[in-house]
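Here is how the chains run, residue by residue.
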Amino acid sequence: MEQSDKQALIDPMTGGMGHCQFFKRAKALLKSDRESFAVVAFDIREFSLVNLYFGRTEGNRFLKFIHRSIEEMLSEEELLLRESGDLFYLLLKNRDRGEILKRLGYISKKVDARLIKNKTVAPHLMLRFGVYLPENDSTKVEHMFEYANVTRKYSTGLNDSCFSDHRRTTKVIDDRVMTASLMDAFKNNEFEVFLQPQVSLKNGQIVGAEALARWNHPERGLLAPGQFIGLLEKYHLIHQLDLCVFESVCQLKQKWNHKHYRPCSVSVNLSRQTITIPGIFSHLKDLCDQYEVSPCDIELEITETDVIKDFKLTKCILEKLRGIGFKCAVDDFGDGYSSLSCLKELTVDVIKLDRNFFTGTGEKAELVLEAMTSLLTKMNVQMVAEGVETAEQLKFLRKTTCDLIQGYIFYKPMPVSEFEQLTFVEAVDILP
Ligand code: C2E
Ligand code: CA
Ligand code: CA
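Note that this is a predicted model, so its numbers are computed, not measured. (Residues numbered from 1 in each chain as written. Chains lettered and ligands numbered in written order. Predicted model: local features only at pLDDT ≥ 70, side-chain atom pairs only at ≥ 80, totals over all residues. Heavy atoms only, no water.)

Enquirer: Would you take a moment to explain the site of ligand 1 for this structure?
Expert: Near ligand 1, the surroundings consist of 23 residues, among which Arg-214, Asp-242, Arg-355, Glu-389 and Tyr-408 are the closest. Side-chain polar atom of Asp-242 to a nitrogen atom of ligand 1: 2.6 Å apart, as the coordinates give it. Between ligand 1 and Glu-389 there is a distance of 2.5 Å, counted from a nitrogen atom to a side-chain nitrogen or oxygen. For ligand 1, the accessible surface in isolation is 800 Å², of which the surrounding protein chains cover 81%. Looking at the shell around ligand 1, the elements with two or more residues in it are β7 (206–217), α8 (238–258) and β11 (327–333). Across the shell around ligand 1, the residue classes tally to 10 nonpolar, five polar and eight charged. (Near = heavy atom within 4 Å. Polar contact = N/O pair within 3.5 Å; in protein donor to acceptor, adjacent residues only side chain to side chain. Areas by Shrake-Rupley, 256 points an atom, 1.4 Å probe, with all protein chains shown as cover. Helix = DSSP H or I, 4+ residues; strand = E, 2+ residues; numbered from the N terminus. Nonpolar A, V, L, I, M, F, W, Y, C, P; charged D, E, K, R; others polar.)

Structure representation (structure tokens):
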């Protein structure tokens, strides 16, 4: 028998099962009732330290010890493999999360005891587990172990975070794939600005728009922000998108000015991460200067939830932005719970009323909306009703002092060329 064939059957280092043998038996066991098994991957955090401090021989001895200790506690229908280096795979005939954690905890303790006995750098050498709970579907057995392995990388300890099922693992993998392509997206200019018109109820004309980002993904097509904003925030890249949208809007405004189009305000979303970047204000101002755009032609939206997170800081930021000349808006107003105190303290130009305000109908809802809109009018704050979808909501809004409507009832977000045609060439009156 060839050396590599032997290794496929037996792992020469531990004397345990080799890769092929393990997967052959795992497939046989998982053939009938997948839902009574748990698939586990684990490794030793910073195992290279053992090799470094004590040499490879001691490292190998340590891996053999782990193998032996675990093998002793397995039942007949359970399997163990040292897949490679310090990565181990386990197939447990167990589904109860508490029971599984108990067994994995026991393995951890055994390894710890050995480390303490050897006076090894114990605190660094934790085991990291990932557990995949198979479902009775067509997922390949090899993939189940890979899923457990992915989960291992993101688990935070022996708790809920080491478990995953098919849905959760594919989400993690998908997020990783998307994150990798996000880096290229900026380089390749894959983001595009869409504009959603804001219509005045007075004359049915489009008088403004909100700039909303879209991602032209090379494989997945046009993606809405829900599919990438969260990732950009997680990896602290959202400011890149905000600045990219801001600059595109400056460019647009410059073009519109040159063509002598009628005035049309455009708003840009700024996330909390963006507005707290040092030097951001002068950067925004510089971009305006570069494109010969007056800051008062651009509206900046900050969400109510971001405002609430640090009220004092937001107040200061809004003052600075308004000082430069930008129009400032509080977005998703009414979504949080501190809306009224927010009004008392802050000076803003525009409030974007969250659709919550007009989704509930009835006398009370009407009273609240009426009181809010008349208060904002008295405070000289402009309003935009967002997410208006039905004729009933529109009828409801007509009774108030809110004039601007942004919602599917009139228009969805659209490519810039379409917006320009509608607004400046056709100058449609949308009202019946
Ligand atoms: P948002 O700022 O509240 O933007 C309004 C969202 O409501 C848009 O979703 C718009 O398409 C949607 N919408 C408008 N009218 C209606 C309606 O009548 N019915 C319904 N169901 N939805 C309506 P979109 O474009 O998917 O954007 C989602 C969110 O992503 C935005 O919410 C904003 O928070 C964020 N976002 C988009 N572009 C950017 C950006 O450039 N920077 C940052 N920081 N966030 C952005
Ligand atoms: Ca917005
Ligand atoms: Ca909004």
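Enquirer: I would appreciate a short explanation of the packing of helix α2 (residues 19–32) against helix α5 (residues 141–154) in the present structure.
Expert: Working note: a packed helix pair is described by the angle between its axes plus the distance between those axes. Between α2 and α5, the least distance of the axes is 10 Å, while the angle of their chain directions is 100°. Classified by the angle between their axes, α2 and α5 sit roughly perpendicular to one another. On the side of α2, the interface is formed by Phe-22, Phe-23, Ala-26, Lys-27 and Leu-30, while α5 contributes Val-141, Glu-142, Met-144 and Phe-145. Classifying every residue of the contact of α2 with α5 by side-chain character gives seven nonpolar, no polar and two charged. (Axes fitted to C-alpha atoms, helices over the stretch in contact; angles between N-to-C directions. Parallel < 35°, antiparallel > 145°, perpendicular 65-115°, else oblique. Contact = heavy atoms within 4.5 Å.)

Enquirer: Teacher, can you tell me more about the coordination of the calcium ion (ligand 2) here?
Expert: Tetrahedral metal sites with four donors have an ideal angle of 109.5 degrees; octahedral sites with six donors have ideal angles of 90 or 180 degrees. Only Glu-210 (OE), Asn-269 (OD1), Glu-301 (OE) and Asp-331 (OD) from the protein reach the calcium ion (ligand 2) as donors, at distances of 2.1 to 2.3 Å. In primary-sequence terms, the residues that donate to the calcium ion (ligand 2) follow E-x58-N-x31-E-x29-D. Between the calcium ion (ligand 2) and the calcium ion (ligand 3), both coordinated by Asp-331, there is a metal-metal distance of 3.9 Å. In this pair, Glu-210 is assigned in strand β7 and Glu-301 in strand β10 (residues 298–303), connecting sequence segments 91 residues apart. Of the two residues, Glu-210 and Glu-301, neither departs from the other in class, the shared state being buried. (Donors = N, O, S within 2.8 Å, 3.2 Å for Na, K, Ca; no water. Buried < 20%, exposed > 50% of the residue type's maximum accessible area, 1.4 Å probe, protein only.)

Enquirer: What exactly am I supposed to notice about the nonpolar core here?
Expert: For soluble globular proteins, the rule of thumb is that nonpolar side chains tend to be buried together. Leu-195, Phe-246, Ile-298 and Leu-353 are the most contacted members of the largest nonpolar core, which has 79 residues in total. Per-element tally for this core: the top contributor is α8, with nine residues. Membership of the second largest hydrophobic core comes to 26 residues, among which are Ala-38, Ile-66, Leu-92 and Leu-104. (Core = buried A, V, L, I, M, F, W, Y, C linked by side-chain atoms within 4.5 Å.)

Enquirer: Would you take a moment to explain the coordination of the calcium ion (ligand 3) for this structure?
Expert: Around the calcium ion (ligand 3), the donor atoms from the protein are Asp-331 (OD), Asp-332 (OD), Glu-386 (OE) and Glu-386 (OE), and they sit 2.2 to 2.9 Å away. Sequence positions of the donors to the calcium ion (ligand 3) reduce to the motif D-D-x53-E.

Enquirer: Can you walk me through unusual backbone geometry in this structure?
Expert: Most peptide bonds take the trans configuration, and most residues that are not glycine carry a negative phi. One non-glycine residue, Asn-189, lies in the positive phi region at around 50°. Turning to its location among the elements, Asn-189 is positioned in the loop between α6 (166–187) and β6 (191–200). Positioned with a positive phi, Asp-332 is a non-glycine residue whose angle comes to about 55°. Mapped onto the fold, Asp-332 is located in strand β11.

Enquirer: Any chance you could explain the pairing of strand β2 (residues 79–84) here in plain terms?
Expert: For β2 and strand β3 (residues 87–92), the ladder comprises five bridges, and the chain directions are antiparallel. If you follow Arg-82 over to β3, its bridge partner there is Phe-88. Between β2 and the antiparallel strand that follows it, β3, lie two residues; Gly-85 among them carries a positive phi value of about 45°. (Pairing = 2+ DSSP bridges.)

Enquirer: Help me out: how do you make sense of the sheet that holds β3 in this one?
Expert: The strands making up a sheet associate through hydrogen bonds between their backbones, and the pairing can be parallel or antiparallel. Read across the open sheet, the five strands follow the order β2-β3-β1-β4-β5; overall the sheet is mixed. The open sheet has two edge strands, β2 and β5 (163–164), and neither has a second partner. Pairing analysis gives six bridges linking strand β1 (residues 38–44) to strand β4 (residues 127–132), with the strands arranged antiparallel. By the bridge assignment for β4, Val-39 is matched with Tyr-132.

Enquirer: In this structure, what is going on with the pattern of salt bridges? I would like to understand it.
Expert: Close approach of charged atoms allows side chains of opposite charge to pair. Considering all chains together, one arrives at 26 salt bridges under this definition. Between Asp-137 and Arg-34 there is a salt bridge, with the nearest N and O atoms lying 3.6 Å from each other. Of this pair, Asp-137 sits in the loop between β4 and α5 while Arg-34 sits in the loop between α2 and β1, and the two are 103 residues apart along the sequence. The partner of Arg-220 in a salt bridge is Asp-174, and the shortest N-O contact between them spans 2.9 Å. Within this pair, whereas Arg-220 is found in the loop between β7 and β8 (221–223), its partner Asp-174 is found in helix α6, the two being separated by 46 residues in sequence. Among the residues examined, Asp-174 registers a relative accessible area of 32% and is labelled partly exposed. (Salt bridge = Lys/Arg side-chain N within 4 Å of Asp/Glu carboxyl O.)

Enquirer: Help me understand the packing of aromatic side chains, please; the structure alone is not making it clear to me.
Expert: Centre-to-centre distance and the angle between the planes together describe a pair of aromatic rings. Counted under the stated rule, the structure contains 20 aromatic pairs. Here Phe-42 and Phe-129 contribute two aromatic rings whose centre-to-centre distance is 5.3 Å and whose plane-to-plane angle is 40°, an arrangement assigned as tilted. In this pair, Phe-42 is assigned in strand β1 and Phe-129 in strand β4, connecting sequence segments 87 residues apart. The class of Phe-42 is buried, set by a relative accessible area of 0%. Judged by its relative accessible area of 2%, Phe-129 falls in the buried class. Ring centres of Trp-256 and Phe-419 lie 5.9 Å apart, and the angle between their planes is 20°; on these two criteria the pair is classed as stacked. In this pair, Trp-256 is assigned in helix α8 and Phe-419 in helix α17 (residues 416–426), connecting sequence segments 163 residues apart. Residue Trp-256 shares its accessibility class with Phe-419, and that shared class is buried. By the ring-pair criterion, three or more aromatic residues cluster together here, those being Phe-22, Phe-23, Tyr-89 and Phe-145. The aromatic ring of Tyr-408 is capped on one face by Lys-412, whose charged end is 4.8 Å from the ring centroid. (Phe/Tyr/Trp six-rings, centres within 6.5 Å; stacked < 30°, edge-to-face > 60°. Lys NZ or Arg CZ within 6 Å of the ring centre and 35° of its normal.)

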